[in-house]
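Close look at the chain arrangement
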Amino acid sequence: MMNPKELAGKRAVAFVESGMVLGLGSGSTAYYAIREIGRLLKDGALRDIVGIPTSRETERLARELGIPLTTLQEHPCIALTIDGADEVDPQGNLIKGGGGALLHEKIVARASEREIIVVDESKLVPFLGSHFLLPVEVIPFGWNICARELERLGCQPTLRRGVQGPYITDEENYILDCIIPPAAELAPLEKEINNIPGVVENGLFLGYTSLVIVGSPEGTRTLSL
Ligand code: 5RP
């Protein structure tokens, strides 16, 4: 049986062209896209690609595969980013950050002309928050005050745990996993959360998605948004 994440990840690479600046997403689905880009570069089927990784893990993988890397300072405009998601609603809005990389992922998404999201069918939901908690990245100083404010918004935050103590992001912050309050409007909620002092970013990605590629054991399909 074919792996749906692998099918979706590889399918997205059909949109990559030589000479592009690419955003390299994080997680187990983006992984397959990055591996395929590495393979095509090695074969010579793709040339002159530079990648901007969205996490340390992706950076390691890209280096291993020999994908040339760059920074947002050198290349502030990204032609195409391929990334995964934890939930996708029918409009292509996302929850991201299950892997803890939401901050860099959101900056890269903002800098991208096209954002292709690769998922398996389990990620498709009728509304965000159906299965997955919303990650909110906060600085460690006064994180409990952020938690108190999120509680006031009805988000019931839980501090994400790592192996020893709190989970630490690539920017050395904490993550509070939150519920999306029933009947909350997403755009105002995103702003309200980010307005709390100490909150760095949250995992709501509203209006960033250009295309969703969904993998299933039978193959792939794209979502029209
Ligand atoms: C990391 C993310 C990932 O894109 C998301 O968790 C999806 O991962 P996977 O493809 O492994 O299911 O947002 O911060």
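Residues numbered from 1 in each chain as written. Predicted model: local features only at pLDDT ≥ 70, side-chain atom pairs only at ≥ 80, totals over all residues. Heavy atoms only, no water.

This next bit is on helix 3 (residues 56–65). Residues lying three or four places apart along an α-helix face the same way, a consequence of the helix completing one turn every 3.6 residues. Every buried residue of helix 3 is listed here: Thr58, Leu61 and Ala62. In a view along the axis of helix 3, the buried residues occupy a sector of 95°, so they form one face of it. Along helix 3, the residues that are exposed and aim more than 90 degrees away from the buried face are Arg60, Arg63 and Glu64. Where helix 3 is buried, its residues contact strand 1 (21–24), helix 2 (30–43) and strand 2 (50–53). Where helix 3 terminates, the next one or two residues include Gly66, which has phi positive at roughly 80°. (Buried < 20%, exposed > 50% of the residue type's maximum accessible area, 1.4 Å probe, protein only. Helix = DSSP H or I, 4+ residues; strand = E, 2+ residues; numbered from the N terminus. Arc of directions from axis to C-beta. Contact = heavy atoms within 4.5 Å.)

So, about helix 6 (residues 186–194). Buried within helix 6 are the following residues: Leu189, Glu190 and Ile193. Mapping the buried residues of helix 6 onto a view down its axis gives an arc of 100°, with all of them on the same face. Close packing links the buried residues of helix 6 with helix 4 (102–110), strand 7 (134–138), helix 5 (143–152), strand 10 (199–202) and strand 11 (204–205).

What follows concerns the domain arrangement of the protein. Under the domain assignment used here, the protein contains domain 1 (4–125 + 206–217) and domain 2 (134–201). Each of domain 1 and domain 2 was reduced to a C-alpha centroid, and the two centroids are 25 Å apart. The interface of domain 1 with domain 2 comprises 14 residues on the first partner and 15 residues on the second. Taken over both partners, the interface formed by domain 1 and domain 2 buries close to 1300 Å², and the fraction arising from carbon and sulfur atoms is 58%. A per-residue breakdown of the area domain 1 buries against domain 2 is headed by Leu102, Leu103 and Leu206, which together make up 38% of the total. At the junction of domain 1 and domain 2, the tally comes to two salt bridges. In this structure, Glu201 and Lys106 form a salt bridge, with 2.9 Å as the shortest nitrogen-oxygen distance. In this structure, the connection of domain 1 to domain 2 is made through seven residue pairs in polar contact (both at pLDDT 80 or more). (Domains from an automatic or database assignment. Buried area = accessible area lost by both parts, 1.4 Å probe. Salt bridge = Lys/Arg side-chain N within 4 Å of Asp/Glu carboxyl O. Polar contact = N/O pair within 3.5 Å; in protein donor to acceptor, adjacent residues only side chain to side chain.)

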